[in-house]
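# Working through the structure, step by step
The lines below spell out each chain.
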Amino acid sequence: MLREKWHSEAYVRAYGQHLSHRLPLIYCVVIFNALLLVWSFHRTAPPFLSVVLPTVLVFFTALRAWHWRPAAVRRRTSAMIVHDLQRLPQRCLMISSGFVAWALMLYSYGGDPEQDVIQYITAITCFAGILSLGQSPRTAVIMATAVMTPANIVFLMHDNPNRVVVVAVQTIITVLLLLITTAYHRDFVRLERSRLELSRHKHSIEDMAEAWRQRSIRDPLTGAWNRGRILVLLEKGLGAADGVRPWLALIDLDGFKHINDTFGHIAGDAVLTTIAERIARTPHIEACGRMGGDEFAVILRGGLDDARVHAELAMLAHAIARPIRLGDLSLNLHASIGYYRCQGQSISACLERADTALYKAKDLRNGAVVAFGEDDERTLLERQVMTRVFTTADLREQLAVVFQPIVDSDTGRPVSFEALVRWSPDGRRLLSPAAFISLAESTGRISEVTHVVLEKALNEFPAWQWGCTLSINLSAHDILRDDTAEWIGGLVRKAGAPPSAIILEITETALVRDYKRAAANLASLRAQGFRIALDDFGTGQSSLAHVHNLPLDHIKIDQSFARSLNSSENARAIIATIRALSVQLGLECTIEGIESVEEQVAARALGLRRMQGYLFGRPAAAVESRRLLAA
Ligand code: C2E
Ligand code: CA
Ligand code: CA
């Protein structure tokens, strides 16, 4: 029972402190009573009994009293208190035996009054001891037995008329006191236990509350702050009393989706955790967190200047690009980072600006770090205006479709036409897709755009009637819909067009977002007879893997290669490889962006026949395209 009690540290401390408020007192009573005895016997007893022995006893008792003073006990470790408590019965036995032996040795040196004094003092000291040792009943029993047994024997042996009555009364009182203190001790233990239980309960509730709090502010996977917490910290930074606004950097991982798709979610999770650790080690950061998916945010101290922030973030991008080892695997990815010096605006305005810079960085690829600049501010404002206009625009009225030929460069005849959308917000200007396709995506109207383009293209320019195909660009969102195949198939059937005359152009963005779903939708479109082309080929990061596994019919080599056809041996080598690959996989290959005869000749020398570019025809309205065909 005792050992079990020592298990609870809090209990041991409470117990020790309780005793420390009583033990010094009883030791003082013992010393006071010893001095009384010395005073009663100093004339009659020999010096050994009246001076030497009491001095030694008083000295040791004083030492014990000093040892148990409350301040000293408070400072002790619980292990030390346990040690003291375990030795308490033994120490009390020594002191009480010493005192009782001394008192009984004095007995024969006094007359009746002195002997009565010894009897009273022994009894009173014993009662006081029992009361003080209430918290250690075992010690109280040992002490009472050690004192009262020899004392009562000596009293009974001496010739005293009241001895039997006195001894009986003393014994009864001793037993009663022991019973009372033992019961008192039991209550104390019970009370102390329930108090500890209560405090343990309180702590576990506090622990639970803390766990909940952490869950509401931390990203469970990486342990970094979550989006909500980052926004709160950003808001605090924006309201800083010194007026120095923090820097906000947004980080997006290029190539993460690929790792997730190829190596599974466990590898993906490990990568995110490693990246979060690397980000957390960036110097001068005030906070970092995961905004969701593979996007992270970092808040940097406002005291840093632009050059310093750029240098720190470039170092971070470098750190993120270090290979990540997972067992035998060595994984590589890059971080695009966009950052912004927060001003007095709202959090969402700061986020929007850092996000704009991030998008620019992503366009540059391979670990670019881009600041949000003054030009961007202007672009952003224009974009906000455009967003408002686009959100309420009558798309059927304001969207137009133009057609650009794709020719067989050997015959010079068009074999296909690509439908390209234009937007005229005011009936005068014609905006190119670069100005509004991302608006259509962010405002959720991209499918409407595709719908209108498809209907208008099929109605205005039925290219199949001249033996040509018609290419339609699909956005990532279009390919990832639940009903992509039925939707596109329905529209095409309604226009009376054969699906085999329609080429659907897709870019890698959609594939990267959700490869499985995109592949499934493309397969069902293909099953209906549509042909699929992978657009802007060569600009993505994992093009080769996609070509291999996707249900494709065409690849379109990005126009950036046409630009370097005549200047870069490297570009020519890549084009030759792509062409060899397409032959091997039975895919048609088109090169985009041919502007000059030199580029045409160079492309032809590499074995390419299908070409698209200003050299053969700019995007033009349906009437002009019909005219071109007639010619
Ligand atoms: P894209 O699919 O790669 O289309 C080819 C783009 O390159 C067109 O720009 C075309 O005008 C341009 N181009 C063609 N030949 C040459 C050339 O020789 N030199 C140069 N410098 N450029 C050439 P456009 O019409 O501005 O379209 C830009 C992009 O917008 C398209 O790139 C396509 O990804 C997207 N887009 C166009 N129409 C639609 C649409 O209806 N829906 C969707 N979702 N996206 C569209
Ligand atoms: Ca295209
Ligand atoms: Ca293209």
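Source: prediction; values computed, not measured. (Residues numbered from 1 in each chain as written. Chains lettered and ligands numbered in written order. Predicted model: local features only at pLDDT ≥ 70, side-chain atom pairs only at ≥ 80, totals over all residues. Heavy atoms only, no water.)

## Concerning the overall build of the protein chain
Put simply, the test is: Going along the chain from the N terminus, every DSSP run of H or I of four or more residues is numbered as a helix, and every run of E of two or more is numbered as a strand. Note on exposure labels: buried denotes an accessible area under 20% of the residue type's maximum, exposed denotes more than 50%, and partly exposed covers the range between, all computed with a 1.4 Å probe on protein chains only. We call two residues in contact when some of their heavy atoms are within 4.5 Å. Here the Shrake-Rupley method, with its probe set to 1.4 Å, supplies the accessible areas, and only the displayed protein chains count as covering residues. A positive count includes Lys and Arg, and a negative count includes Asp and Glu. His and the chain ends are not counted in either. Every charge is mapped to an atom, namely NZ of Lys, CZ of Arg, CG of Asp or CD of Glu.
Along the backbone of the protein chain there are 27 helices and 15 strands. Its C-alpha atoms give the protein chain principal-axis dimensions of roughly 150 × 50 × 50 Å. When each of the 631 residues of the protein chain is scored for burial, the buried share is 48%. Partitioning the contacts of the protein chain with sequence separation of at least 6, the portion at a separation of at least 24 is 71%. Total accessible area on the protein chain is roughly 31,100 Å²; 59% of this is exposed by carbon and sulfur atoms. For the protein chain, the distance from the average position of its 68 positive side-chain charges to the average position of its 64 negative side-chain charges is 8 Å.

## Remarks on helix α26 (residues 597–605)
Because each turn of an α-helix spans 3.6 residues, side chains separated by three or four positions end up pointing in the same direction. So the rule is basically this: The arc refers to the directions leading from the helix axis to the C-beta atoms.
Within α26 the residues assigned to the buried category are Glu 599, Gln 600, Ala 602 and Ala 603. Projection of α26 onto a plane perpendicular to its axis shows the buried side chains occupying an angular sector of 165°, all on one side. When the buried face of α26 is taken as reference, the exposed residues oriented beyond 90 degrees from it are Glu 598, Val 601 and Ala 605. Where α26 is buried, its residues meet α24 (559–563), β14 (588–591) and β15 (610–612).

## Topic: the coordination of the calcium ion (ligand 3)
In plain terms, the rule: Atoms are scored as donors when they are N, O or S and lie within 2.8 Å of the metal, with 3.2 Å used for Na, K and Ca; no water is included, so coordination may look incomplete.
Surrounding the calcium ion (ligand 3) are the protein donor atoms Asp 535 (OD), Asp 536 (OD), Glu 592 (OE) and Glu 592 (OE), which sit 2.1 to 2.4 Å from the metal. The metal-metal distance between the calcium ion (ligand 3) and the calcium ion (ligand 2) is 4.2 Å, with Asp 535 coordinating both. A residue pair is termed long-range when its members are at least 10 positions apart, and Asp 536 in strand β12 (residues 531–537) and Glu 592 in the loop between β14 and α26 qualify at 56 residues. For Asp 536, a relative accessible area of 26% translates into the label partly exposed. A residue is classified by how much of its surface remains accessible, and Glu 592, at 6% relative accessible area, is buried.

## A few points about the pattern of salt bridges
Applicable threshold: Between Lys or Arg on one side and Asp or Glu on the other, a salt bridge is scored when a side-chain nitrogen of the former is within 4 Å of a carboxyl oxygen of the latter.
As enumerated under the stated definition, the model contains 29 salt bridges in all. Note that Glu 455 and Arg 396 form a salt bridge whose closest N and O atoms lie 2.7 Å from each other. Residue Glu 455 is found in helix α18 (residues 446–460), and its partner Arg 396 is found in helix α16 (residues 395–398); the two are separated by 59 residues along the sequence. Given the relative accessible area of 17%, Glu 455 is considered buried. For Glu 505, the salt bridge identified is with Lys 556, shortest N-O distance 2.6 Å. With Glu 505 in strand β11 (residues 502–506) and Lys 556 in strand β13 (residues 554–557), this residue pair connects regions lying 51 residues apart in the sequence. This pair shows no difference in class: Glu 505 is buried, exactly as Lys 556 is. Connected through shared salt-bridge partners, Asp 408, Asp 410, Arg 604 and Arg 609 make up one network.

## Describing the sheet that holds β15
Under the convention used in this document: The pairing criterion is simple: DSSP has to find at least two bridges between the two strands. What counts as an axis is a line fitted to C-alpha atoms, over the stretch in contact for a helix, and the angles between N-to-C directions run from 0 to 180 degrees.
Taken in spatial order, the eight strands close into a barrel running β8-β9-β10-β11-β12-β13-β14-β15, and their pairing is mixed. Geometrically, the sheet is characterised by an average inter-axis angle of 30° between neighbouring strands, direction not taken into account. As judged from the four bridges shared by β13 and β14, these two strands associate in the parallel manner. Bridge assignment links Ile 557 to a residue of β14, and that residue is Ile 591. Most of the contacts of helix α27 (residues 622–630) go to strand β9 (residues 414–423), to which it runs at about 170°, and overall it touches β8 (399–408) and β9.

## What to know about unusual backbone geometry
The phi torsion of most residues other than glycine is negative, and most of the peptide bonds are trans. The backbone of His 284 shows a phi angle near 65°, a positive value even though the residue is not glycine. Note that His 284 resides in the loop between α12 (265–280) and β2 (285–292). Positioned with a positive phi, Asp 536 is a non-glycine residue whose angle comes to about 50°.

## Brief notes about the site of ligand 1
Filter applied, for reference: Nearness is judged by heavy atoms alone; a residue qualifies as near a molecule or strand once a single heavy atom is within 4 Å of it. Residue polarity is assigned by list, with Asp, Glu, Lys and Arg as charged and Ala, Val, Leu, Ile, Met, Phe, Trp, Tyr, Cys and Pro as nonpolar; anything else, Gly included, falls into the polar class.
The immediate surroundings of ligand 1 are formed by 22 residues, with Gln 404, Asp 535, Gln 559, Glu 595 and Tyr 614 found nearest. Protein chains bury 83% of the 790 Å² of accessible surface belonging to ligand 1 in isolation. Counting only elements with at least two residues in the shell around ligand 1, the list comes to β9 and β12. For the shell around ligand 1, the element with the highest residue contribution is β9, accounting for four residues. By residue class, the composition of the shell around ligand 1 is eight nonpolar, seven polar and seven charged.

## Re the packing of aromatic side chains
Cut-off, in case you're wondering: Paired rings are identified among Phe, Tyr and Trp, the last through its six-membered ring, by centres lying within 6.5 Å, and are further divided according to the angle between planes into stacked (under 30 degrees), edge-to-face (over 60) and tilted (the rest).
Summed over all chains, the structure comprises eleven aromatic pairs. Here the aromatic rings of Phe 59 and Phe 60 are separated by 5.7 Å at their centres, their planes lie at 70°, and the arrangement is edge-to-face. Given a relative accessible area of 51%, Phe 59 falls into the exposed group. An aromatic cluster is defined as three or more aromatic residues linked by ring pairs; in this entry it consists of Phe 403, Phe 417, Phe 461 and Trp 466.

## Thoughts on the confidence of the model for the protein chain
Selection rule: The predictor's confidence in any single residue is recorded as pLDDT, a number from 0 to 100.
Model confidence for the protein chain is summarised by a mean pLDDT of 90, while 98% of its residues fall at 70 or above. With pLDDT under 50 throughout, residues 1–6 is counted as low confidence; its partners more than four residues away or in other chains account for twelve contacts.

## Looking at the environment of Lys 236
By secondary structure assignment, the location of Lys 236 is in helix α10 (residues 227–238). You can call Lys 236 exposed: its relative accessible area is 54%. Between the C-alpha atoms of Lys 236 and Pro 246, which are ten residues apart in sequence, the distance is 9.7 Å.

## As for the coordination of the calcium ion (ligand 2)
Four donors placed tetrahedrally about a metal ideally form angles of 109.5 degrees, and six donors placed octahedrally ideally form angles of 90 or 180 degrees. Coordination of the calcium ion (ligand 2) by the protein comes from Glu 418 (OE), Asn 473 (OD1), Glu 505 (OE) and Asp 535 (OD), over a distance range of 2.0 to 2.3 Å. For the calcium ion (ligand 2), all donor residues lie on one chain, and their spacing in sequence is E-x54-N-x31-E-x29-D.

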